[in-house]
Amino acid sequence: MNRGTNLPAIGGYNRSVVLDAIRRESAGLSRTEIAGRTGLSPQTVTNVSRRLLEAGLIRESGTVISGPGKPRTMLQLESRGRFAVGVHIDPAVLTFVLLDLVGTVVAHARELTPSASEPDEVVALMARSIDGLVVASGVDRELLLGVGIASPGPVDIGPGLVLDPPMMPLWRHVPLRRALSEATGLPVLLEKDVTACAVAETWLSEGGAGRRTDFAFVYYGTGYGTGLVLGGDVLRGASANAGDSGHVMVDDHGHRCTCGRIGCVGELITPHALVREAVDGGVLVAGDVSDDALAEAARRGDDVDMRRIDEAFGALVGKADAGDAGALAVLHGAGRHLARALVTIVNLLDLDEIVFGGPFWAPLSRHVLEVLPAAVRGDPALIPKHPVRIVESSIGIDVAAVGAACLVLDQTFSPRPSALLIRA
Ligand SMILES: [Zn+2]
């Protein structure tokens, strides 16, 4: 809990301190309780509360009588007082969400990523989609705090650049934050996808904020990565690019990775890797999918057509669902490879929970989870003696976009001297 200051010059900071205290108590707080928790004087709390009420950020939610003295008026967040937009860019799919002030998703939308398009065309599409989402939800544009983007890494957070993400060959040093801010007229912040997922899980996971404190979020989309949370804090690293775990080596044979090594987990478990393995092994054959999808699945390289890969991936999972032994073997193999990589991360950070999610996770989760928990717990390399919980994200397929929007809300609540949210 951050303590306030009574210097009038930083009323904005005190506003955040009071908002942060109120949002941590869903039942609300009285002015006296806020003063007690923040260290602000009763007079300062009264003044700040009045300004927050006038701004529509909080509301009075009835009175509570406890002990002698007059009844205390409770203050709560005004859920529809402000809204935040979250955008998640996966090379295969774009996800958009609109969150209210307490983190409830009030609208969402998905579109296929036009991966063959220039970045500026994708930015224009994103701006139109955000506009459409806001209009359809009936939310007053004046109440939007800003847009959070969850992007594949690596990113350069300072200037808001997307550098050179895998599977997006046209995206090289794209000034995405500035471009989307100019296109929408809104403040925009940029965060790596796996970090946004970890943020969403710490804020909104079932059981309430703060329940999860030491976990990895396994992101399974077009790419693979792990968001990391230790002691309740999301780890960003020196350049906000923490969580790249695709080059953890888990096998001594297989395709050569882009890094030159053999057996990198990212080269073994992504949707593209699985469909290629299925084609190579004769599991996915002509008739299962279109000839174009079959040919694309067998290809290598960063410029594969993700829509064709998606089609082949759907066919592979469909065969596994129907009990095809070859397809099941491919997906179970992914579970065992992933387990080996995760044991390394669990050992390194002494984690007690692994949370799975991302845009391609749901279709194969059942098959991967048939083997993964036992493979983790039975791995002779596993060091911690405590249980390691293995769960799926309760937020679902929108998790990265939700996390990006949470980061925008966080800018409103978090009492910090500097703000990350930058308007172009
Ligand atoms: Zn590698």
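Here is what the cut-offs are and how they apply
Counting starts from 1 at the beginning of each chain's written sequence and moves along it residue by residue. Two thresholds apply to this predicted model, a pLDDT of at least 70 for residue-level local features and 80 or more for giving and counting side-chain atom pairs, whereas whole-chain, interface and lining totals are computed over all residues. In computing side-chain properties, one takes all heavy atoms of the structure into account and sets aside hydrogens as well as water. Donor atoms (N, O, S) are those found within 2.8 Å of the metal centre, with the cutoff raised to 3.2 Å for Na, K and Ca; water is not part of the atom list, so apparent gaps in a site can occur. Site shape is set this way: if four donors have all angles between 85 and 135 degrees, tetrahedral; if opposite donors are over 155 degrees apart and all others between 65 and 115, square planar for four donors and octahedral for six; otherwise irregular. By the criteria applied, helices consist of DSSP H or I runs no shorter than four residues and strands consist of E runs no shorter than two, each listed in order from the N terminus. A helix's residues, less one, multiplied by 1.5 Å, set its expected span. Categorising residues by exposure relies on relative accessible area from a 1.4 Å probe, with only protein chains included: less than 20% of the type maximum marks a residue as buried, more than 50% marks it as exposed, and the intermediate range marks it as partly exposed. What the arc describes is the spread of directions from the helix axis to the C-beta atoms. Aromatic pairing here means that ring centres of Phe, Tyr or Trp (its six-membered ring) are within 6.5 Å. Orientation follows from the plane angle: under 30 degrees is stacked, over 60 is edge-to-face, and everything else is tilted. For a lysine, the NZ atom is tested; for an arginine, the CZ atom; a charge sits over a ring if that atom is within 6 Å of the ring centre and within 35 degrees of the ring normal. In what follows, salt bridge is the name for a side-chain nitrogen of Lys or Arg lying within 4 Å of a carboxyl oxygen of Asp or Glu.

On to the coordination of the zinc ion, then. With distances of 2.0 to 2.3 Å, the protein atoms coordinating the zinc ion are His247 (ND1), Cys257 (SG), Cys259 (SG) and Cys264 (SG). Its four donor atoms give the zinc ion angles of 104 to 120 degrees at the centre, a pattern that matches the tetrahedral case. Motif for the zinc ion, donor spacing along one chain: H-x9-C-x1-C-x4-C. Residue His247 is located in the loop between β13 (233–234) and α7 (266–269), and its partner Cys257 is located in the loop between β13 and α7; the two are separated by 10 residues in the primary sequence.

Once that is clear, we can look at helix α3 (residues 42–54). Counted at 1.5 Å a residue, the expected span for α3 with its 13 residues is 18 Å, and the 18 Å between its end C-alpha atoms agrees. Looking only at α3, the buried set comprises Thr44, Val45, Val48, Ser49 and Leu52. Viewed end-on, α3 has its buried residues packed into an arc of 125 degrees, placing them on one side of the element. Turned more than 90 degrees from where α3 packs its buried face, Gln43 and Glu54 sit exposed. Taken from the residues just after α3, Gly56 is the one with a positive phi, measuring 75 degrees.

Turning to the packing of aromatic side chains, a few remarks are in order. Enumeration over the complete set of coordinates arrives at four aromatic pairs. One aromatic cluster is present, built from ring pairs that chain together Tyr220, Phe313, Phe356, Phe360 and Trp361. Of note, Arg23 hangs over the ring of Trp203, and the distance from its end group to the ring centre comes to 4.4 Å.

Another aspect to go through is the pattern of salt bridges. One pass over the structure, following the stated rule, counts 20 salt bridges. One salt bridge in this structure joins Glu296 and Arg299, with 2.7 Å as the shortest N-O distance. The buried category is assigned to Glu296, whose relative accessible area is 12%. Relative accessible area serves as the criterion here: at 31%, Arg299 is assigned to the partly exposed category.

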